Each structure stands twice: as structure tokens, then as C-alpha cells.
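Listed below are the residues making up each chain.
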Amino acid sequence: MPKLSHKRSKELFNKAKRIMPGGVNSPVRAFKSVGGNPIFIDSAKGSKIYDVDGNEYIDYVLSWGPMILGHTHPKVINALKKAAEKGTSFGAPTPLEVELAEMVKKVYPSMEIMRMVNSGTEATMSAIRAARGFTGSDKVVKFEGCYHGHADGLLVKAGSGLATFGVPTSPGVPKDYARNTITLPYNDLKAFKKICEKAAKHIACVIIEPVVGNSGCILPKSGYLEGLRKLTAKYGIVLIFDEVMTGFRVSYGGAQKAFNIKPDMTCLGKVIGGGLPVGAYGGKKEIMRMISPDGPVYQAGTLSGNPLAMTAGIETLKILARPDTYKKLMAKSALLEESLKDAAKRAGVATKFYRAGTMFCTYFTDKEVCNFTDAARTDMDKFGKFFREMLNSGVNIAPSGYEAGFMSLAHTNSDIRKTARAAYEAFKKVK
Ligand code: HOZ
């Protein structure tokens, strides 16, 4: 297949490198671990994105998850146009934020009280602050390979953004902060039990991606999340589900619905902003009533509850609430799974494919991937080659073997067939 031209993207990347770190505003976008130059995007529609050189790609990055309806959904765009004409930011309450919060609570009843913020990073750091304020303890337990945004203290063994570049923990995080973060292997209940027995009174909370989306797509072993729930309840530790990625993706009600676990607190982002910058954190009344001005734990934001972001979220959730939406999303995701597994098998390349609802990942390995160590042992060189072949065939997957892929409502069976054909050719070259 002839190579696609990326002339304009290359020129822009060279320009960008002179003015931004690595030429990007978020590290994984720089393509460093997969080789080549990032493509600069001009526009997007439905399941496709278009780069500045006029190339078309079937998109499985979907802005790293939020575009579950597909890009530029007319209902979202029209509502945004109307909302923009009324004002883009007021720094004051609006009916929209109440409407979105009520819509979210309907699907995530564990979020009895919630607050809107501007990103997943803000949601997780604020949830942890609330848990610390509530318990009076400082320590946080997180799991290797789980990413909870880039707040100090959470950048410890934090999966994709760091793992892609081989840095387990970021410099610039004071040792005193990192000291309060206890990191354990994911899917290892014994390790968690041990730490509870040793240090429960110092632990404010446990934060977890219930399905790890920042080391590919790692599923919880049967009984693992239930075990965490039981132990945290026993020891009075706040259990925080970081559903920024899994929310509305693993199922309509997220991982908590799919695995039937009620966390004390939940963080959302991505999908609930319909492609605009949004995060939300919420949970049990008694914890959330600690937040200012109800309580003493301070957290604020000029753009929090922004009317445009709320509008995009509301329109997205309205469509997600339709009775047939998830049936369609799950059928498309299952078809992609079946087609990619079949392509790898026919090409004779060893891969493991994992899927949780509309999130998925292909690892180049013949061994099961149950935690970050397993993910790091998979063949990332093969992944890089596979990525480049797919891109050249017009299929955009995440530029890191530590990231998940996503399905949208806009993907057609023909997109999926084209993806499977491209994957078969790419798998043959990778072998
Ligand atoms: N590692 C981030 C998502 N899991 C990357 C986000 C971005 O570059 O936009």
C-alpha cells in the first residue's frame, strides 16, 4: 500500500516543537513510543477524522473516549451553537449544571451529591481531598498501571502517560507527597488485605480504575472488586472508583453497574462532557457534605459547570439514555472483537484481546494480561509496527500499547470490516 502523505502534519509538528514541550499539549500524542510524527487533525465527522493533509481515518481513539456518539453529532453541535449565543461562561450557577447532575445521578445513584469540575484530573484530586478531610487520614492506596490524572502524589506507577516513556514516577513530585501514596499490584487482593492489616488507620482512601484503561484494557479477576469493597468497608477506608474512562463505557452505568459494586465515591469525565472539558466527583452524602461551602474541604473552579460543557454533556446523555443505544454499542464492539481476533488468528500472530463494553485493547503476547507487569512484558515493538501499518491504512488507534481503544455509535459494520481487513494485513507484516 502506498504511504499516505503527512507533509503538512510534519511541517506543523516541527513548528509546534519550537513552542511546546515535545510539540504537543499531552505527551502520548507525540507518537514517541510508536515512531513517526503525529498527525494534525483538521476536522471530524461520525466515525472518521481528517488530517490537515486531507487523509481520512476510521477513529478508535475518539478523543481518548468522550466521543461515544461519534464526532460532531448534529444534536450536540446544534445545542452548542444555541448555548454559545447565550453566553460562554458566567462563573455563576446555571440550570444546565443542575440538569446534568440529575441526569448523571439517575444512572450513577451512588453519586448522591456531586460537583462538576473541568477534567478527570481535577475530579480525582478533589475526591481524594474529600476522602482525606472525611477520614482525617493522609495515605492513599492506588494500583500499578492505573492512571488518575497528573496531580502530585498520583503520578506513582501511573500507567500509560508515564509507562509509554518508561518513567514509573514523575520527577517534580515531592518525596513527601509520594510518601503518602501506597502502590499495590492490580488484581492482587492478598496484597491489599496485608496493607489493611498493617496500616488501615492511616489510609484515607483507595482509588482504582475498576477496569484499567491506562495500561491497555485489563479486566478485574472474579471477586477482586467485591473483595476490595468488603475490606474497605470493614476498615473504614473510602473506596473511590475512577470511572473517568469506564463511565458510560463498560456499561451505561459504568463498571459499578457491570460488576454490581457500590463505591463510596465516583469520578467521571470524558463521556459526560460530550467532547468538552468536564469532570465530576461525587458520592455518599456524608463525604460530599465535607466540601466547601457545606463543609471545610476547599475546592473551586471558575469554569466549573461551564454552560457549553454542560450542554454537550446533556445532549450526549440524552442519546445514551435511549433504549436501543447500548444494544447497538455493544453489538458493534462485539463485532470488532470477533473480527480482530479472527484477523490475528488468520495472520498467525499471537495476541490477546480484551474488551469491557465499548473499551478494548490488543496486546502482542500469548500470555494473559492481568496487571501492569504483564502489560509491560507484551511486545511493544510489534505494537508500534502494527500502529504504523493501521494508520497508513486509514485506521487511527491510540499511539501507545498502554492505551485502550473505543467504539462509538457512529461506527458502521462497513467501518469494522475495513478495520479488520487493515488489521489482517498489519498483523501479517508484524509477524
Ligand atoms: N494518556 C491519556 C489518555 N489515557 C492521553 C490523553 C491525551 O493525550 O489527550
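Since the model is a prediction, treat every value here as computed from it, not as a measurement.

**Here's the deal with the overall build of the protein**
Item 1. For the protein, the count of helices and strands is 15 helices and 14 strands.
Item 2. For the protein, the C-alpha radius of gyration of 21 Å lies close to 22 Å, the compact-globule estimate for 431 residues.
Item 3. Referenced to the eigenvectors of the C-alpha coordinate spread, the extents of the protein come out at roughly 60 × 55 × 45 Å.
Item 4. For the protein, the proportion of contacts with a sequence separation of at least 24, taken over those separated by at least 6, is 73%.
Item 5. Entry remark: accessible area of the protein is about 18,900 Å², with carbon and sulfur atoms responsible for 54%.
Item 6. Counting 62 positive and 39 negative side-chain charges, the protein places the averaged centre of each group 2 Å from the other.

**Remarks on the pairing of strand β9 (residues 265-269)**
Item 1. Buried residues dominate β9, accounting for five of its five residues.
Item 2. Of the two faces of β9, the one holding M265, C267 and G269 and the one holding T266 and L268 are both buried throughout.
Item 3. In the sheet, strand β8 (residues 238-242) pairs with β9 via three bridges, with the strands oriented parallel. Counterpart to D242 in the pairing with β9 is C267.
Item 4. Sheet topology places β9 next to strand β10 (residues 279-283); five bridges connect them, and they run antiparallel. Directly across from T266, in β10, lies its bridge partner G282.

**Let's talk about the side chain of T124**
Item 1. Checked against the element boundaries, T124 lands in helix α4 (residues 120-135).
Item 2. Accessibility expressed as a relative area gives 0% for T124, which makes it buried.
Item 3. Excluding residues within four positions of it along the chain, T124 makes contact with H148, L154, I207, D242 and C267.

**Structural notes on the sheet that holds strand β1 (residues 41-45)**
Item 1. If you trace the four strands from one edge of the open sheet to the other, you get β1-β2-β3-β13, paired in mixed fashion. Where the open sheet ends on each side, the last strands, each with one partner, are β1 and β13 (395-396).
Item 2. Judged from the three bridges that link them, strand β2 (residues 48-51) and strand β3 (residues 56-59) form a sheet pairing that is antiparallel. If you follow I49 over to β3, its bridge partner there is Y57.
Item 3. Strand contacts of helix α15 (residues 413-430): β2, β3 and β13, with the helix running at about 100 degrees to β3, the strand carrying the most contacts.

**Focus on the environment of D152**
Item 1. Structurally, D152 can be placed in the loop between β5 (139-143) and α5 (160-163).
Item 2. Classification of D152 as partly exposed rests on a relative accessible area of 39%.
Item 3. Once you skip the residues sitting within four places of it in the chain, D152 turns out to touch G172, V173, P174 and Y177.

**With respect to the site of the ligand**
Item 1. Every residue near the ligand is listed here: S26, R29, W64, N214, M245 and E403.
Item 2. A distance of 2.9 Å is found between an oxygen atom of the ligand and a side-chain nitrogen or oxygen belonging to S26.
Item 3. Starting from 290 Å² of accessible surface for the ligand in isolation, the protein chains cover 87%.
Item 4. Of the residues in the shell around the ligand, the class split is two nonpolar, two polar and two charged.

**Quick notes on the sheet that holds strand β11 (residues 352-356)**
Item 1. If you walk across this open sheet you meet the three strands as β11-β12-β14, and the pairing is antiparallel. This sheet does not close on itself; its edge strands, each paired only once, are β11 and β14 (405-406).
Item 2. Note that β11 and strand β12 (residues 359-363) share five bridges and pair antiparallel. By the bridge assignment for β12, F353 is matched with T362.
Item 3. Packing of helix α12 (residues 325-347) onto the sheet brings it into contact with β11 and β12, and relative to β11 it is tilted by some 175 degrees.

**Remarks on the packing of helix α2 (residues 74-86) against helix α11 (residues 307-320)**
Item 1. Here α2 crosses α11 at 150 degrees, and the two axes come no closer than 9 Å. By the criterion of interaxial angle, the relationship of α2 to α11 is roughly antiparallel. In the packing of α2 onto α11, the handedness of the crossing is right-handed. For the pair α2 and α11, the contacting residues are K75, V76, A79, L80, A83 and A84 in the first and L308, T311, A312, E315, T316 and I319 in the second.
Item 2. Here the contact of α2 with α11 is composed, by residue class, of eight nonpolar, two polar and two charged.

**Thoughts on the nonpolar core**
Item 1. Ranked by size, the top nonpolar core spans 40 residues in total, and within it V141, F143, Y186, F192, I208 and M359 carry the most contacts.
Item 2. If you list the elements that add at least two residues to this core, you get β5, β6 (181-184), α7 (189-199), β7 (203-208), α8 (224-235), β8, β11 and β12.
Item 3. Broken down by element, the residue count for this core peaks at four residues, all from α8.
Item 4. Non-local contacts of F192, meaning those with residues more than four positions away in its chain, are made with V141, F143, L184, V206, L228, L231 and T232.
Item 5. In this structure, V34, Y57, I397 and F427 belong to the second largest nonpolar core, which totals 31 residues.

**Some details on the layout of surface pockets**
Item 1. Of the pockets and cavities examined, the second largest pocket occupies roughly 500 Å³.
Item 2. E97, V98, M114, R115 and M116 are the residues nearest the centre of the second largest pocket, which is lined by 20 residues in total.
Item 3. Those elements that provide at least two residues to the lining of the second largest pocket are α3 (95-107) and β4 (113-117).
Item 4. The element contributing the most residues to the lining of the second largest pocket is α3, with five residues.

The rules behind the values
Residues numbered from 1 in each chain as written. Predicted model: local features only at pLDDT ≥ 70, side-chain atom pairs only at ≥ 80, totals over all residues. Heavy atoms only, no water. Helix = DSSP H or I, 4+ residues; strand = E, 2+ residues; numbered from the N terminus. Rg over C-alpha atoms; globule rule 2.2 N^0.38 Å. Contact = heavy atoms within 4.5 Å. Areas by Shrake-Rupley, 256 points an atom, 1.4 Å probe, with all protein chains shown as cover. Lys, Arg positive; Asp, Glu negative; His and termini not counted. Charge placed at Lys NZ, Arg CZ, Asp CG, Glu CD. Buried < 20%, exposed > 50% of the residue type's maximum accessible area, 1.4 Å probe, protein only. Pairing = 2+ DSSP bridges. Axes fitted to C-alpha atoms, helices over the stretch in contact; angles between N-to-C directions. Near = heavy atom within 4 Å. Polar contact = N/O pair within 3.5 Å; in protein donor to acceptor, adjacent residues only side chain to side chain. Nonpolar A, V, L, I, M, F, W, Y, C, P; charged D, E, K, R; others polar. Parallel < 35°, antiparallel > 145°, perpendicular 65-115°, else oblique. Left-handed = near helix turned anticlockwise from the far one by under 90°. Core = buried A, V, L, I, M, F, W, Y, C linked by side-chain atoms within 4.5 Å. 1 Å grid on protein atoms, 1.4 Å probe; cavity = no way out; pocket = protein on both sides within 12 Å on 5 of 7 lines; lining within 4 Å. Points joined across faces, edges and corners; volume = space filled by probe spheres on them.

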